[in-house]
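Structural description and commentary
Here is what each chain is made of, one letter per residue.
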Amino acid sequence: MYILISNHTCTIIFTMCLRVKDRRQTSIARPLYPLPGRRNDRNKQPLQTFRAYNIAHRGSNGEIPEETAAAYMRAIEEGTDFIETDILASKDGALICFHDVTLDDTTDITNHKEFANRKRTYEVQGVNTTGFFLVDFTLDELKLLRVKQRYPFRDQQYNGEFSIITFDEFISIALDAHRVVGIYPEIKNPVFINQQVKWPGGKRFEDKFVETLKKYGYRGSYMSKQWLKQPAFIQSFAPTSLIYISNQTDLPKIFLIDDVDMPTQDTNQSYWEITSDSYLDFIKEYVVGIGPWKDNIIPVSSNYLQIPSDLVARAHAHNLQVHPYTFRNENKFLHFNFSEDPYNEYDYWINKIGVDGLFTDFTGSLHHYQEWTNPFASGEKEATRLLHKIELMLSKFKYFN
């Protein structure tokens, strides 16, 4: 007997199974995903490199709570090129996928009365911040928490369903995908993490970060044969971290650039200094690109884009890619120039500004736009779609038995 299952149905089934497994999982004894092992990657669809990269910002977090296994699986199904994550560290040194240094905004920490006495105040990037800090919890304790949607205007149905995942689990999701999916991890708040978390032998946060990538075979310069097999970009707002790891890995690195009023967290340099020609000429020895906030590339007034700056052109002149953040579908994030249409926004940034990759909360929207305007060859696409359906049908034996 043959059973036909649509891709959307497979995703729903997978999400329901994740819910069940997350309710059962209260320790790290059994990872949510099997660690990558003896896979046959020869028949995987390769990474596309002929159009701007679709970067799933914290997974498909416009639909599912950010940085969860379900959000990353959804992004892969929707066609992302890279899944993006923020890496922090627990009290006992485990590397965790989580954006904020505090747990308050995107977990159910306040429902756990056993942790009521853990609230602390630390200085983070020059600001006294109070909350439940990830660095004050062990991995086992973090696994007791459940993640919730950051924005109240997004779908709330998955709140409390999924757990925090580790860097290892995140990598496994990418490596176990039916096609080649890149990873885009960030060395998040390295100054704060190195102050609060200590590893044996005097190792730094950056050392543990690179060790994890090497453990899973991530290596190779941009567009090398090894890199194309397991693509990865390493990103950070801290230039000293990127320079430090350049002696440990040749993986391509992206220097993230914050708002104009935010100095770098490690070197206290201004936006204007780090976007100058002299600094771009310096940093290009260590990175292949920059990741600026998009509203700094093109200033905004009264929700209308103004005259674009020359940052993209100058970065390209220094042979640096530009991957701006963050593209979101909701009207409150769309400037009036685009008639509240995210496809108009994608068209503008890709075809007029000429960026090389886009961080988006809505991976499916960007993928649909790119398939309509710059698609894969139809024969390759149909073959890939068939292989994808087969893989999804077989995956239940791998994940659910």
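Residue numbers here run from 1 along each chain, matching the order of that chain's written sequence. Residues qualify for local features only when their pLDDT is at least 70, as the model is predicted, and side-chain atom pairs are given and counted only at 80 or more; totals for whole chains, interfaces and linings, by contrast, use all residues. As a rule here, side-chain values cover all heavy atoms of the structure and leave hydrogens and water aside.

As recorded in an unreviewed UniProt entry, the protein chain goes by glycerophosphodiester phosphodiesterase and comes from Nicotiana tabacum. Quoted verbatim from the Catalytic activity (unreviewed entry) heading of the UniProt record, the comment on the protein chain is "a sn-glycero-3-phosphodiester + H2O = an alcohol + sn-glycerol 3-phosphate + H(+)". UniProt positions are given in the numbering used here, feature names are shortened, and annotations may be inferred rather than shown by experiment. For the protein chain, the Sequence similarities (unreviewed entry) comment in UniProt is given as "Belongs to the glycerophosphoryl diester phosphodiesterase family."

Quick look at the overall build of the protein chain now. Labels follow the DSSP assignment, with helices taken as runs of H or I lasting at least four residues and strands as runs of E lasting at least two, numbered in each case from the N terminus. Scanning the protein chain from N- to C-terminus turns up 15 helices and 14 strands. Taken across its 401 residues, the protein chain has 56% of its residues classed as buried. Note on definitions: a residue-residue contact is assigned when non-hydrogen atoms from the two residues lie within 4.5 Å. Long-range contacts, defined as pairs at least 24 residues apart, comprise 71% of the intrachain contacts of the protein chain with a sequence gap of at least 6. Residue-level accessible areas treat just the shown protein chains as cover; the underlying method is Shrake-Rupley with a 1.4 Å probe. Working note: accessible area of the protein chain is about 17,800 Å², and carbon and sulfur atoms make up 52% of it. For every residue, the accessible area obtained with a 1.4 Å probe (protein chains only) is divided by the maximum for its type, and the residue is called buried under 20%, exposed over 50%, and partly exposed between those limits.

This paragraph deals with helix H6 (residues 205-215). When we look at burial in H6, the residues that qualify are Phe 205, Glu 206, Asp 207, Phe 209, Val 210, Thr 212 and Leu 213. Of the residues flanking the end of H6, it is Gly 217, one or two places downstream, whose phi is positive at about 85 degrees.

It is worth spelling out the nonpolar core at this point. Working definition of a nonpolar core: buried Ala, Val, Leu, Ile, Met, Phe, Trp, Tyr and Cys residues. They are joined through side-chain atoms within 4.5 Å. With 98 residues, the main nonpolar core has Ile 83, Leu 103, Tyr 218 and Trp 349 as its most contacted residues. Tallying contributions element by element places helix H4 (residues 167-175) first for this core, with six residues. Those residues within four positions of Ile 83 in sequence are excluded, and the remaining contacts are Ala 56, Tyr 72, Ala 75, Ile 76, Phe 170, Ile 173, Ala 174, Val 181, Gly 182, Ile 183 and Tyr 184. Residues Ile 64, Ala 71, Tyr 158 and Phe 162 belong to the second largest nonpolar core, which totals five residues.

Here we take up the environment of Asp 104. With respect to the helices, strands and loops of the structure, Asp 104 is situated in the loop between strand E3 (95-97) and strand E4 (120-124). For Asp 104, a relative accessible area of 23% translates into the label partly exposed. Separated by 27 residues in sequence, Asp 104 and Gly 131 have C-alpha atoms that sit 6.4 Å apart. Non-local contacts of Asp 104, meaning those with residues more than four positions away in its chain, are made with Ile 109, Gly 131, Phe 132 and Lys 148.

Here we come to the environment of His 335. For His 335, the location among the structural elements is in the loop between strand E13 (321-322) and helix H13 (342-353). Since its relative accessible area comes to 6%, His 335 is described here as buried. His 335 sits 35 residues away from Val 300 along the chain, and the two C-alpha atoms are 8.3 Å apart. Excluding residues within four positions of it along the chain, His 335 makes contact with Lys 294, Asp 295, Val 300, Asn 303, Leu 305 and Glu 340. A distance of 2.9 Å separates the side chain of His 335 from the side chain of Asn 303, its partner in a polar contact. N or O atoms closer than or at 3.5 Å make up a polar contact, with two conditions inside protein: a donor-capable atom paired with an acceptor-capable one, and, for residues adjacent in sequence, both atoms drawn from side chains.

What follows is about the environment of Lys 119. Looking at the secondary structure, you find Lys 119 in the loop between E3 and E4. Linking Lys 119 and Gly 131, residues 12 residues apart in sequence, is a C-alpha distance of 5.1 Å.

Bringing the packing of aromatic side chains into the picture now. Ring geometry is summarised as follows: Phe, Tyr and Trp rings, the Trp one being its six-membered ring, pair when their centres sit within 6.5 Å, and such pairs are stacked at plane angles under 30 degrees, edge-to-face over 60 and tilted between the two. As enumerated under the stated definition, the model contains 36 aromatic pairs in all. Ring geometry for Tyr 72 against Phe 170: centres 4.9 Å apart, planes inclined by 75 degrees, an arrangement best described as edge-to-face. Placement of the pair is Tyr 72 in helix H2 (residues 69-78) and Phe 170 in helix H4, with a sequence separation of 98 residues. A relative accessible area of 0% places Tyr 72 in the buried class. A relative accessible area of 0% means that Phe 170 is categorised as buried. Aromatic pair Tyr 279 and Phe 282: ring centres 5.5 Å apart, planes at 55 degrees, arrangement tilted. Of this pair, Tyr 279 and Phe 282 both sit in helix H10 (residues 277-283), three residues apart, which is roughly one turn of that helix. Residue classification places Phe 282 among the partly exposed positions, given a relative accessible area of 37%. Three or more aromatic residues link up through ring pairs in this structure, and these residues are Tyr 53, Phe 82, Tyr 184, Tyr 222, Trp 227, Phe 233, Phe 237, Tyr 325 and Phe 359.

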